[in-house]
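The lines below spell out each chain.
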Amino acid sequence: MELSIAEKFLLIAHHPRKGRFLTSEPQMNFGLVGAFLLEMSINSQLHIENNRVFMDKSATPENPTSREIYFLVKGSGKNRTIRLWLKRLSRKANRYRWEVLENLKEKRLMRIERRKFLGIIPYRKSYLTDSRTRDQLLKELKKQILSRHRDTATSNEDMAVLGLIEACKLHRTLTTDRTELKKLRKALKELIKESPIAGTVQQTIRQVQAAVIGAVVASPAAAGASS
């Protein structure tokens, strides 16, 4: 089954049994936006250089969310920083998330339940319906990280997913063994450095992490100012 980078990211970040995610809200939002930017870069619809996003002359993305981002970046008229786009697009991340979840539902990998809080306020919960796809994806990614001889080259798409695992600290989805986890983290950093798209992935990782830290620091500051 063919899955986009954003779909893979949400599958990995989703709890295998419960209707929630394994990441914080900032990690989820910035990670998802990063997934779309990385996929568009791989598809030559934009490229990332010196921490800035540049448009490329190529076909308009077919995916509606990617197309929206494409025209937002194109319409800005300037080569703005990744951090600015992460911050600006993260405001739409909740909608983007549900668009991706709806796609996963169509692929029969996700179930979406619509409920009402106190019988009045509507909300949605998502649940995996096929954990085997998620398990197999994680198994393959783990194998690519720990493979000593790298007999099979890691695709750019999988490298982008691995970069998001690094950026959003999702290493424990790959293993919970402390010794193996330490080995895996080190191997993942090395694999990213060796990648043909290392520059793009590393820049995105750094900016996603910086954006997450900024959001976490800003939250208590804003709460203190309002009290």
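Rules of the game
Residues numbered from 1 in each chain as written. Predicted model: local features only at pLDDT ≥ 70, side-chain atom pairs only at ≥ 80, totals over all residues. Heavy atoms only, no water. Helix = DSSP H or I, 4+ residues; strand = E, 2+ residues; numbered from the N terminus. Buried < 20%, exposed > 50% of the residue type's maximum accessible area, 1.4 Å probe, protein only. Contact = heavy atoms within 4.5 Å. Lys, Arg positive; Asp, Glu negative; His and termini not counted. Charge placed at Lys NZ, Arg CZ, Asp CG, Glu CD. Expected span 1.5 Å × (residues − 1). Polar contact = N/O pair within 3.5 Å; in protein donor to acceptor, adjacent residues only side chain to side chain. Arc of directions from axis to C-beta.

A. Expanded view of the overall build of the protein. On a plain count of helices and strands, the protein comes out with nine helices and four strands. Helices (α) and strands (β) of the protein occur, in sequence order from the N terminus, as α-α-β-β-α-α-α-β-β-α-α-α-α. Taking the principal axes of its C-alpha atoms as reference, the protein extends roughly 55 × 45 × 40 Å. Residues classed as buried in the protein amount to 45% of the 227 residues present. In the protein, the share of contacts with a sequence separation of at least 24, taken over all contacts with a separation of at least 6, comes to 63%. For the protein, the separation between the mean place of its 43 positive charges and that of its 23 negative charges on side chains is 7 Å.

B. Expanded view of helix α2 (residues 25–42). Along its 18 residues, α2 runs 26 Å from first to last C-alpha, staying within 8% of the 26 Å computed at 1.5 Å per residue. When you tally the buried positions in α2, you get 16 out of 18 residues, the bulk of the element.

C. Highlighting the side chain of T175. Along the chain, the position of T175 falls in the loop between α7 (156–167) and α8 (178–194). When its relative accessible area of 7% is taken as the criterion, T175 is described as buried. A polar contact is formed between the side chain of T175 and the backbone nitrogen of D177, at a distance of 3.2 Å. Separated by 2.6 Å, the side chains of T175 and E180 make a polar contact.

D. Inspection of α8 at higher detail. Across its 17 residues, α8 extends 25 Å between first and last C-alpha, which sits within 8% of the 24 Å expected from 1.5 Å per residue. Where α8 is concerned, the buried positions are L181, L184, A187, L188, L191 and I192. Projected onto a plane normal to the axis of α8, the buried residues spread over an arc of 135° and lie on a single side. Residues of α8 that are exposed and point more than 90 degrees away from the buried face comprise T179, K182, K186, K193 and E194.

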